[in-house]
Amino acid sequence: MTKVKALSLFSGGLDSILATRVVMAQGVEVTAVKFVSPFFNYDILDDVEGYKQEVQKKYGINAMVVDISEEYLEMLRQPVYGFGKNFNPCVDCKIFMVSKAKQLLAELGASFIITGEVLGQRPMSQRRDTLNVISRDSESRSILLRPLCAKLMTPTLAEEEGWVDRDKLLNFSGRGRSRQIALAEEFGITDFPAPAGGCTLADPILSRRIQNFYNDGFVVKSSEMTVTDILLLLVGRQFLLPGGGWLMLGRDVKDNKKLSSLAEEGDAVLRMEHRPGPVALLRRASTFYADPADLEKDLELAAGLVVRYGKKVDGELPEADVRCRLSGKKERITTAPLADELSRPWML
């Protein structure tokens, strides 16, 4: 007899872990699909195999990782059901992910989709009417199983065909987690994430930065926006310089490494030669400026900021040499630290 296979949308949170294990416990072969984008879990792409091994070791679940960045950026331009409190399009996001999972069914030989949604747990995306909208608009009504609240929902094809036993599914509802935690103990799962928003689009500060992109309220217009732009927008201190340039400045070693790794041809990268301090990246420096004098001025200001946020020497911030790399060329800018009262209005 051919083994029944399913795909689960896997956030890595407790609900998605449990939904996957509940169906696996019925003998179904489940692959957990971990979608990543610049707004959530993008760092997994640095070590996909390591992530898959971790999920298998902790939860006994086989995972796959799918990068949906480019399509996700497009979805954000005009979500049908709008945004939540910040720039989070939760309903459209879930429709998008279920639709993407549906496209993977044939490739993986799977028959239905699993999510960890719980009726009434989230006010925007997990009301009964919203759950029905997600099923309908993703064209997955018959194949979308929500194991944690299935007994409160209309039976799906998986139940009707006997691929899973509906009696062994659950009737969780509301915002409490006591039943989830008890079920996790039954499965021997003790190491799971605390309930917290992992999506940058729900962050009240960072989401405003991103929203400026989409409203064309930023130096980079939405039609020119790339995945790298979004990643850069989430790193370090951000400045809009007087000449119009977009500058980001690392806050720590991690930020510095991130900026260095994200720098592309045409970006200017600055750092001090002989003293610890931030890496600065002036985005699209080689093409953004119509007047070379504006570029030169912004580079000098950027260098001043690098010195300002560098490590002090005997309690002071002396003048320093800042190395600037742009379009394969290197130059040295010797400058004093920029005054806070001058740069404060430029901060994003």
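Residues numbered from 1 in each chain as written. Predicted model: local features only at pLDDT ≥ 70, side-chain atom pairs only at ≥ 80, totals over all residues. Heavy atoms only, no water.

## Overview of the environment of Asp-216
Note the cut-off: For the purposes of this entry, the term helix denotes a DSSP run of H or I that reaches at least four residues, the term strand denotes a run of E that reaches at least two, and both are numbered from the N terminus. Only protein chains enter the accessibility calculation, which uses a 1.4 Å probe; a residue whose area is less than 20% of its type maximum is buried, one above 50% is exposed, and one in between is partly exposed. It only takes one pair of heavy atoms within 4.5 Å for two residues to be counted as in contact. Counting of polar contacts relies on pairs of N or O atoms within 3.5 Å, with two restrictions inside protein: one atom must be capable of donating a hydrogen and the other of accepting it, and residues adjacent in sequence are counted only when both atoms are side-chain atoms.
With respect to the helices, strands and loops of the structure, Asp-216 is situated in the loop between helix 8 (206–214) and helix 9 (227–233). The exposure class assigned to Asp-216 is partly exposed, which follows from its relative accessible area of 37%. Not counting residues up to four positions away in its chain, the partners in contact with Asp-216 are Lys-221 and Ser-222. At a separation of 2.7 Å, a polar atom in the side chain of Asp-216 contacts the main-chain amide nitrogen of Ser-222.

## Some words on the packing of helix 1 (residues 14–24) against helix 7 (residues 178–186)
Packed helices, taken two at a time, are described by the angle between their axes plus the distance between the axes. Under the convention used in this document: Helix axes are fitted to C-alpha atoms over the stretch in contact, other axes to C-alpha atoms as well, and angles between N-to-C directions run from 0 to 180 degrees. The labels follow the angle: roughly parallel below 35 degrees, roughly antiparallel above 145, roughly perpendicular from 65 to 115, and oblique for the rest. Handedness of a helix crossing follows the sense of rotation of the near helix relative to the far helix, less than a right angle counterclockwise being left-handed and clockwise being right-handed.
Where helix 1 contacts helix 7, the axes come no closer than 10 Å and their chain directions differ by 50°. Judged on the interaxial angle alone, helix 7 and helix 1 are oblique. The two elements helix 1 and helix 7 cross, and the hand of that crossing is left-handed. Residue-level inspection shows Leu-14, Asp-15, Leu-18 and Val-22 of helix 1 in contact with helix 7, the latter providing Gln-180, Ile-181, Leu-183 and Ala-184.

## Structural notes on the pattern of salt bridges
Inclusion rule: Whenever a carboxyl oxygen of Asp or Glu lies within 4 Å of a side-chain nitrogen of Lys or Arg, that contact is scored as a salt bridge.
For the structure shown, the criterion picks out 17 salt bridges. Put simply, Arg-136 and Asp-137 hold a salt bridge, and the shortest N to O gap is 2.7 Å. A residue is classified by how much of its surface remains accessible, and Asp-137, at 31% relative accessible area, is partly exposed. We note a salt bridge from Asp-340 to Arg-308, for which the minimum N-O separation is 2.5 Å. With Asp-340 in helix 13 (residues 340–343) and Arg-308 in helix 12 (residues 292–308), this pair connects stretches of sequence that are 32 residues apart. One salt-bridge network, held together by shared partners, links Asp-229, Glu-264, Asp-267, Arg-283 and Arg-284.

## A closer look at the environment of Leu-169
Among the structural elements, Leu-169 can be located in the loop between helix 6 (157–160) and helix 7. A sequence separation of 17 residues divides Leu-169 from Leu-152, and the C-alpha atoms of the two residues are 10.0 Å apart. Setting aside residues up to four positions removed in sequence, Leu-169 forms contacts with Val-22, Gln-26, Leu-145, Pro-147, Ala-150, Lys-151, Glu-159 and Val-164.

## Observations regarding the pairing of strand 11 (residues 329–335)
The criterion, for reference: Two strands are said to pair when DSSP picks up at least two bridges between them.
Sheet analysis places strand 10 (residues 320–326) next to strand 11, joined by seven bridges and oriented antiparallel. Bridge pairing in strand 11 places Leu-326 opposite Lys-329. Hairpin remark: strand 10 followed by strand 11, antiparallel, with two residues in the connecting loop; positive phi at Ser-327, about 50°.

## As for the pairing of strand 1 (residues 5–9)
Counted only if it meets this: If the strands point away from the viewer and the path from the first strand over the helix to the second runs clockwise, then the crossover is right-handed.
The element strand 1 is extensively covered by neighbouring structure, given that four of its five residues are classed as buried. A crossover links strand 1 with its parallel partner strand 2 (residues 29–36), the connecting element being helix 1, and its sense is right-handed. Here strand 1 runs beside strand 4 (residues 112–114); their pairing, made up of three bridges, is parallel. Note that in strand 4 the partner of Leu-7 across the bridge is Ile-113.

## Here's the deal with the nonpolar core
Let me state the cut-off plainly: Side-chain atoms within 4.5 Å are what join buried Ala, Val, Leu, Ile, Met, Phe, Trp, Tyr and Cys residues into a set we call a nonpolar core.
Ranked by internal contacts, the top residues of the largest apolar core, which has 84 residues, are Phe-39, Tyr-72, Met-97, Phe-112, Leu-148, Phe-213 and Trp-246. Among the elements that line this core, the one with the most residues is helix 4 (residues 90–108), at nine residues. Residues in contact with Phe-39, not counting those within four places in the same chain, are Tyr-72, Leu-73, Leu-76, Gly-198, Cys-199, Thr-200, Leu-201, Ile-210 and Ile-230. Core analysis: the next-biggest nonpolar cluster, separate from the first, contains 27 residues, Ala-280, Leu-282, Val-307 and Ala-320 among them.

## So, the environment of Val-219
Along the chain, Val-219 falls in the loop between helix 8 and helix 9. Along the backbone, Val-219 and Leu-119 are 100 residues apart, and their C-alpha atoms lie at a distance of 42 Å. Contacts of Val-219, omitting those with residues within four sequence positions, involve Leu-240, Gly-244, Trp-246 and Phe-288.

## Some points on the sheet that holds strand 11
Spatially, six strands are ordered 6-7-9-8-10-11 in an open sheet, and the strand pairing comes out antiparallel. Two strands close off the open sheet at either side, each with one partner strand: strand 6 (237–240) and strand 11. Direction aside, neighbouring strands of the sheet carry axes that sit 20° apart on average.

So yeah, pure geometry; function would need other evidence.
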